[in-house]
Amino acid sequence: MQYHNITKDDMLNGEGLRVVLWVAGCSHACPGCHNPVTWDPQGGLEFDDAARQELFAQLDHSYINGITYSGGDPLYAGNRGAIAGLAKEIRAKYPDKTQWLYTGYQWEEIKGERAVPFLDVVVDGRYIEAQKDSLLPWRGSRNQKVVDVQKSLKAGETICRE
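Just so it is clear, the structure is predicted and the values come from calculations on it, not from any experiment.

S.K.: Could you give an account of the pattern of salt bridges, naming the residues involved and the relevant values?
M.R.: For the structure shown, the criterion picks out seven salt bridges. A salt bridge links Glu-89 to Arg-52, with the shortest nitrogen-to-oxygen separation between them at 3.2 Å. With Glu-89 in helix H2 (residues 80-93) and Arg-52 in helix H1 (residues 49-59), the pair connects residues that are 37 residues apart, well separated along the chain. Given the relative accessible area of 30%, Glu-89 is considered partly exposed. With a closest N to O distance of 2.5 Å, Glu-113 and Arg-80 form a salt bridge. Taken as a pair, Glu-113 in the loop between helix H3 (107-110) and strand E6 (121-124) and Arg-80 in helix H2 lie far apart in primary sequence, 33 residues in all. The partly exposed category is assigned to Arg-80, whose relative accessible area is 22%. Ionic contacts of the salt-bridge type, sharing partners, join the residues Glu-108, Asp-124 and Lys-145 into one network.

Here it is, written out as structure tokens:
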């Protein structure tokens, strides 16, 4: 997996103070995307042991609430295995930290993915510029949902947060 950046002390991409992993690779190519430089799956840097240690060093801080996976698209075909492994490892090592994931896929399409059981929130759906709404919490356009993953899996239906 390739990545572009690890943002530290982020307050914009999920609840609380977070570390954000910006992965490379996205096939959605949404017009108006805020981060098109991340679309190329070969862009950025290899997510190697040094990057993993940088991520974990941030998660070690007690004031960090959790991690957010963004990009690009963490569920781009070439990223799915690495994200699932990382999410599983983070859940085991940091059980009290929350894991958020932004994806252009719909919840209904990805709820069976290997990473999903380790996540707390999925912000789903392609960004649609005509539905842009800067007042919405955690998402950019009205079509996107903020899915409470654990409640949704338990209930067997989509449960959204506001």
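Still to come is the rest of the account.
S.K.: Just give me the short version of the side chain of Asn-79, but keep the residues and values in it.
M.R.: Take Asn-79: it is sitting in the loop between strand E4 (66-70) and H2. From its side chain, Asn-79 meets the backbone oxygen of Asp-73 in a polar contact 3.0 Å long. Other than its neighbours up to four places away in sequence, Asn-79 contacts Met-1, Val-23, Ala-24, Gly-25, Asp-73 and Pro-74.

S.K.: Give me the nonpolar core: which residues, what numbers.
M.R.: Core analysis: the largest hydrophobic core is formed by 30 residues, its most contacted members being Leu-21, Leu-55, Leu-59, Tyr-69, Leu-86 and Ile-90. Every element with two or more residues in this core is listed here: strand E1 (2-10), strand E2 (18-23), H1, E4, H2 and H3. Here this core takes five residues from H2, the largest share from any one element. Once residues lying within four places of it in the same chain are set aside, the contact partners of Ile-90 are Leu-55, Phe-56, Leu-59, Ile-67, Tyr-69, Pro-95 and Gln-99. Among the nonpolar cores identified, the runner-up in size contains five residues, and Trp-100, Tyr-102, Val-121 and Val-146 belong to it.

S.K.: Quick rundown of the state of the cysteines? Include the residues and the values.
M.R.: Joining two cysteines, a disulfide is a covalent bond between their sulfur atoms. Taken as a whole and assessed by the stated rule, the structure comprises zero disulfides. Cys-33 carries a free sulfur, and the closest cysteine sulfur to it, the one in Cys-30, is 6.4 Å from it. With no disulfide of its own, Cys-160 lies closest to Cys-30 among cysteine sulfurs, the gap being 18 Å.

S.K.: I'd like a description of the environment of Gln-2, backed by residues and values.
M.R.: Within the secondary structure, Gln-2 sits in strand E1. For Gln-2 and Asp-48, which are 46 residues apart along the polypeptide, the C-alpha to C-alpha distance reads 8.8 Å. Those residues within four positions of Gln-2 in sequence are excluded, and the remaining contacts are Val-23, Ala-24, Pro-41, Gln-42, Gly-43, Gly-44, Leu-45, Glu-46 and Phe-47. Here the side chain of Gln-2 touches Gly-43 through a polar contact of 3.4 Å, landing on its backbone oxygen.

S.K.: Describe the layout of surface pockets, and please don't skip the residues or the numbers.
M.R.: Where empty space is left becomes clear once a probe the size of a water molecule has been rolled over the atoms. Estimated volume of the largest pocket: approximately 670 Å³. Around the largest pocket sit 32 residues that line it, and His-34, Tyr-102, Tyr-127, Gly-140 and Gln-144 are the ones nearest its centre. When the residues that make up the lining of the largest pocket are grouped by side-chain class, the tally is 13 nonpolar, 14 polar and five charged.

S.K.: Tell me about the sheet that holds E2, and name the residues and values.
M.R.: Strand order in the open sheet made by the seven strands is E3-E1-E2-E4-E5-E6-E7, with mixed pairing throughout. Edge strands, defined here as strands with exactly one partner in the open sheet, are strand E3 (45-46) and strand E7 (145-148). Sitting on the sheet, H1 touches E1, E2 and E4, and the angle it makes with E1 is about 15°. With respect to the sheet, H2 is in contact with E2, E4 and strand E5 (98-102), its orientation differing from that of E4 by roughly 175°.

Here is what the cut-offs are and how they apply
Within any chain, residue numbers begin from 1 and follow the written order of that chain's sequence. Per-residue local features are limited, in this predicted model, to residues with pLDDT of at least 70; the limit for side-chain atom pairs, both in listing and counting, is 80 or more; totals at the level of whole chains, interfaces and linings are taken over all residues. Values shown for side chains rest on all heavy atoms present in the structure; no hydrogens or waters enter the calculation. A side-chain nitrogen of Lys or Arg and a carboxyl oxygen of Asp or Glu constitute a salt bridge if their distance falls within 4 Å. Only DSSP runs of H or I reaching four residues or more are called helices, and only runs of E reaching two or more are called strands; each is numbered from the N terminus. Exposure is judged per residue with a 1.4 Å probe applied to protein chains only, and the accessible area is read against the type maximum: over 50% gives exposed, under 20% gives buried, and values in between give partly exposed. Two N or O atoms form a polar contact when they lie within 3.5 Å of each other; inside protein one atom must be a possible hydrogen donor and the other a possible acceptor, and for residues adjacent in sequence the pair counts only when both atoms belong to side chains. Contacts are assigned to residue pairs with any non-hydrogen atoms lying within 4.5 Å of each other. Only buried Ala, Val, Leu, Ile, Met, Phe, Trp, Tyr and Cys residues count toward a nonpolar core, and they belong to the same one when joined by side-chain atoms within 4.5 Å. Throughout, a disulfide means two cysteine sulfur atoms within 2.5 Å of one another. Throughout, the protein atoms alone are placed on a 1 Å grid, and a set of points is a cavity if a 1.4 Å probe fits but cannot get out or a pocket if it is open with protein on both sides within 12 Å along at least five of seven lines; lining residues have an atom within 4 Å of a point. Grid points are joined across faces, edges and corners, and a volume is the space filled by probe spheres set on the points. Residues are grouped as follows: Ala, Val, Leu, Ile, Met, Phe, Trp, Tyr, Cys and Pro are nonpolar; Asp, Glu, Lys and Arg are charged; every other residue, Gly included, is polar. Strands are labelled as partners when DSSP assigns at least two bridges between them. Each axis is a line fitted through C-alpha atoms, and for a helix only the stretch in contact is used; angles between axes span 0 to 180 degrees, taken between their N-to-C directions.

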